[in-house]
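Remarks on the overall topology
Okay, here's what each chain looks like letter by letter:
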Amino acid sequence: NAAGAEVVEILEHAIDVTRSLTMELAPPILYGSGFVDALHWLAGWMEEHHQLQVLVNGSLAVTSIPAEVSSVLFRAVRELLFNVRKHAGVRQARVNVVAFNEGLRITVSDDGRGFSVEGVLQTPRSYGLFSIREQLASIDGEMNISSASYGGTVSTLSVPVLPTAEDQ
């Protein structure tokens, strides 16, 4: 029956799209291999799908990140990289991960055209940045952005990270 075959095809397509979206938002490597490995995966994905070369620097050999925190941070970095791709006018970005006594700091930077931070944060179009700030606040984190016209942008995500049970 042609109608039945068409329904099956639509359902298979919906399942494929769902799997793809799940991989983009929270790839299994995030929970299996760790946060920095997930950022390396994201870098490859951004280059393959969006022609943005992402250089990842950092290691978290000592500090493990709780799943809720790593998920929020991964989505935030992903959104910031999309912003670089859409608005900076460059094809390269950097992600730096630094663990320190008080927590974790991640910077996403580019050498692009920059923007007026205050102007963008006050417009309704900045939903992505607003969402990042709200999600970070839910884990006691914060985001700071510095940008200059044709001087690039640096977005800094900071979160207090308590060691997980395996670290104690």
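What you are looking at is a predicted structure, and each value in this text was computed from that prediction instead of being measured.

**Things to note about the overall build of the protein chain**
- Counting its regular elements, the protein chain contains six helices and five strands.
- The order of helices and strands in the protein chain, counted from the N terminus, is α-α-α-β-α-β-β-α-α-β-β.
- Residues classed as buried in the protein chain amount to 39% of the 168 residues present.
- For the protein chain, contacts bridging at least 24 residues in sequence account for 67% of all contacts bridging at least 6.
- Put simply, the protein chain shows about 9,800 Å² of open surface, and 53% of that area lies on carbon and sulfur atoms.

**So, helix H3 (residues 35-50)**
- In this model H3 runs 21 Å from its N-terminal to its C-terminal C-alpha over 16 residues, within 8% of the 22 Å that 1.5 Å per residue would give.
- By the burial criterion, the buried members of H3 are Phe35, Val36, Ala38, Leu39, Leu42, Ala43, Trp45 and Met46.

**Some details on the sheet that holds strand E1 (residues 53-58)**
- Spatially, E1-E2-E3-E5-E4 is the arrangement adopted by the five strands of the open sheet, whose pairing is mixed. Across the chains shown, the open sheet's two edge strands, defined by having one partner strand only, are E1 and strand E4 (142-148). Between one strand and the next, the sheet's axes are offset by a mean angle of 15°, whatever the strand orientation.
- In the packing of helix H4 (residues 67-88) onto the sheet, contacts are made with E1, strand E2 (92-100), strand E3 (103-110), E4 and strand E5 (152-159), and the angle to E3 comes to roughly 15°.
- Of the strands in this sheet, E4 and E5 touch helix H6 (residues 127-137), which is tilted by about 145° from E4.

The rules behind each value
Residues numbered from 1 in each chain as written. Predicted model: local features only at pLDDT ≥ 70, side-chain atom pairs only at ≥ 80, totals over all residues. Heavy atoms only, no water. Helix = DSSP H or I, 4+ residues; strand = E, 2+ residues; numbered from the N terminus. Buried < 20%, exposed > 50% of the residue type's maximum accessible area, 1.4 Å probe, protein only. Contact = heavy atoms within 4.5 Å. Areas by Shrake-Rupley, 256 points an atom, 1.4 Å probe, with all protein chains shown as cover. Expected span 1.5 Å × (residues − 1). Pairing = 2+ DSSP bridges. Axes fitted to C-alpha atoms, helices over the stretch in contact; angles between N-to-C directions.

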